[in-house]
Amino acid sequence: MLKRILKSYDYTLIVFIVLLSLFGLVMIYSASMVNGPMRHDVPSDFFYQKQKINLLLAFIAFLVAAILPYKIYQFKKVLMLIFVGSILILLTLFVFGHVAGNAKSWLNLGARNFQPAEFIKIGVIIYMSAIYAKKQEYINQFDRGVVPPIIFLVIICLLIAAQPDFGTAFIIFLIAATIIMCSGINLKTMSKLLAIGLFFAVLLSPFIFFLKDDIFSENRMGRIYSFLDPFKYEQKQGYQLVNSYIAIGSGGLKGVGLGESVQKYGYLPEPHTDFIMAVISEELGAVGVIFVIGSLALIVIKGYFVAKKCRDPFGSLLAIGISSMIGIQSCINLGGMSGSIPLTGVTLPFISYGGSSILLLGIAAGILVNVSMFTNYENKYKFKDHEKQVEVKKKFPFKVFSSS
């Protein structure tokens, strides 16, 4: 059995996850070696050393999640812990959280900062996948099958948006929407859901109008203006985007060389976080960009193939949710740094600096690998063994007893 389990792991998926993470570590060092001393008054390898520790913790979490059977997340006690814990943690932020990036979304744990919303993402994926998997028999009964998980989703999104962190709330909403669309509900039920959503949007519009100064703050509107015309706001909100364009244009096909970026010398304020792809583009050119995008695409596509092959609704929805999370975050990050969409401050999965982000990705990737292993194991061995037993029973319908 152990040999069968080990043979069932998707080592291509594991290799690309590890390669991307190690590549990200190298690029964090390159991107922050100047920015650290100049902007943060820390040693040139400060962010590199911290990310090494973050990666080690993420690797341990990955191993645990890759070995632990994913079906235990479907237990009632686990789901109740996710439901209650997520809400309590987000409520705690309003009292004990501290502000970073204009949002009260961080908890200070002594030497390290912790962003609960990152882990809420995987909590939402597990909770909604488990609930919709259990409701397959009556998935199109609106009151029993569709609404209960959405109530949890709305509470979570409202609490995160109130920090205010609209970017993370929007990402969680998109991930959940993907799970809902793939849960098995029909077009009629989906239409009802959209109609109710529009109704509540209209209902909330007066509140949005009265809170417009808080919601549409100068900082947020600046991101919209810089997206529409970054060169008009080159010295203000469009500063990062314009310098990102310069970095991308300077890289060409092969780049200027690893460690040779000019834009990281203060032109890109935080080159090791959400604008790390601009540094990759400048230093390694189109070759580096293709490697990163291709590797991320491979992980996401493999995740969707796992979902398609998985015969367990819970495992299938888990794989869809995790793959969608990686894909959505990648698209939003790459869209922001290339000027295709407004900036949101979202990190690039497995590449950007961030303790909470890489730890979440380690757990999520481990769960995806575990779902893949169980799917391969069951398709290769369990169901084949069962089919053989059925064939034998058809040939020999009577039990044969050995004589003593």
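In short, a report on the structure. Note that this is a predicted model, so its numbers are computed, not measured. (Residues numbered from 1 in each chain as written. Predicted model: local features only at pLDDT ≥ 70, side-chain atom pairs only at ≥ 80, totals over all residues. Heavy atoms only, no water.)

Some thoughts on the overall build of the chain
Along its length, the chain carries 14 helices and 3 strands. Across the 404 residues that make up the chain, the buried fraction comes to 46%. Nonlocal contacts in the chain, meaning residues at least 24 apart in sequence, comprise 72% of its contacts between residues at least 6 apart. Carbon and sulfur atoms provide 69% of the accessible area of the chain, an area that totals close to 20900 Å². (Helix = DSSP H or I, 4+ residues; strand = E, 2+ residues; numbered from the N terminus. Buried < 20%, exposed > 50% of the residue type's maximum accessible area, 1.4 Å probe, protein only. Contact = heavy atoms within 4.5 Å. Areas by Shrake-Rupley, 256 points an atom, 1.4 Å probe, with all protein chains shown as cover.)

Observations concerning helix α2 (residues 11-40)
A turn of α-helix holds 3.6 residues, and therefore any two residues three or four places apart point the same way. Residue Ser-32 marks the point of greatest curvature in α2, where the axis turns by about 45 degrees. A distance of 3.2 Å separates the backbone nitrogen of Thr-12 from a side-chain oxygen at the start of α2, and that oxygen is part of Asp-10. Phi for Asp-41, located one or two positions after α2, is positive at around 55 degrees. (Bend = angle between axes of the 7 residues up to and from the residue. Polar contact = N/O pair within 3.5 Å; in protein donor to acceptor, adjacent residues only side chain to side chain.)

Quick look at helix α7 (residues 166-181)
The terminal C-alpha atoms of α7, which comprises 16 residues, lie 22 Å apart, in line with the 22 Å expected from a rise of 1.5 Å per residue. For α7, the set of buried residues is Thr-168, Ala-169, Ile-171, Ile-172, Ile-175, Ala-176, Thr-178, Ile-179 and Ile-180. (Expected span 1.5 Å × (residues − 1).)

Examining the side chain of Thr-273
Tracing the chain through its elements places Thr-273 in the loop between α11 (239-251) and α12 (276-309). For Thr-273, the contacting residues outside a window of four places in its chain are Ser-352 and Tyr-353.

Side note on the packing of aromatic side chains
The full count for this structure, using the stated rule, is 12 aromatic pairs. On the basis of an interplanar angle of 80 degrees and a centroid distance of 5.1 Å, the ring pair of Phe-47 and Tyr-353 is categorised as edge-to-face. Here Phe-47 is found in helix α3 (residues 46-67), whereas its partner Tyr-353 is found in the loop between α13 (313-337) and α14 (355-395), with 306 residues between them in sequence. Tyr-353 matches Phe-47 in its accessibility class, with the two residues each being buried. Their ring planes at 80 degrees and their centres at 5.7 Å tell us that Tyr-70 and Phe-374 sit as a pair that is edge-to-face. One end of the pair, Tyr-70, is in the loop between α3 and α4 (76-96); the other, Phe-374, is in helix α14, with 304 residues separating them in the sequence. Note on Tyr-70: relative accessible area 1%, which makes it buried. Relative accessible area serves as the criterion here: at 22%, Phe-374 is assigned to the partly exposed category. (Phe/Tyr/Trp six-rings, centres within 6.5 Å; stacked < 30°, edge-to-face > 60°.)

Regarding a positive patch on the surface
Judged by side-chain charge, Lys-3, Lys-7, Lys-309 and Lys-380 come together as a positively charged surface patch. Its place among the elements puts Lys-380 in helix α14. (Patch = residues over 30% accessible without salt bridge, like charges linked within 9 Å, V, L, I, M, F, W, Y side chains within 5 Å. Salt bridge = Lys/Arg side-chain N within 4 Å of Asp/Glu carboxyl O. Lys, Arg positive; Asp, Glu negative; His and termini not counted. Charge placed at Lys NZ, Arg CZ, Asp CG, Glu CD.)

Considering the packing of α12 against α13
Each pair of packed helices gets described by two things: the angle between the helix axes and the distance between those axes. Between α12 and α13, whose axes approach to 9 Å, the crossing angle comes to 160 degrees. When the axis of α12 is compared with that of α13, the two are roughly antiparallel. For the crossing formed where α12 meets α13, the hand is left-handed. Contact residues: Met-277, Ala-278, Ile-293, Leu-296, Ile-299, Val-300, Gly-303, Tyr-304, Val-306 and Ala-307 in α12; Ser-316, Ala-319, Ile-320, Ser-323, Ser-324, Ile-326, Gly-327, Ser-330, Leu-334 and Met-337 in α13. Classifying every residue of the contact of α12 with α13 gives 14 nonpolar, 6 polar and no charged. (Axes fitted to C-alpha atoms, helices over the stretch in contact; angles between N-to-C directions. Parallel < 35°, antiparallel > 145°, perpendicular 65-115°, else oblique. Left-handed = near helix turned anticlockwise from the far one by under 90°. Nonpolar A, V, L, I, M, F, W, Y, C, P; charged D, E, K, R; others polar.)

What about the pattern of salt bridges?
Applying the stated criterion across every chain, the model contains 4 salt bridges. We note a salt bridge from Glu-283 to Lys-264, for which the minimum N-O separation is 3.1 Å. Placement of Glu-283 in helix α12 and of Lys-264 in the loop between α11 and α12 is noted, with a sequence separation of 19 residues between them.

Read these as geometric descriptors, not functional statements.
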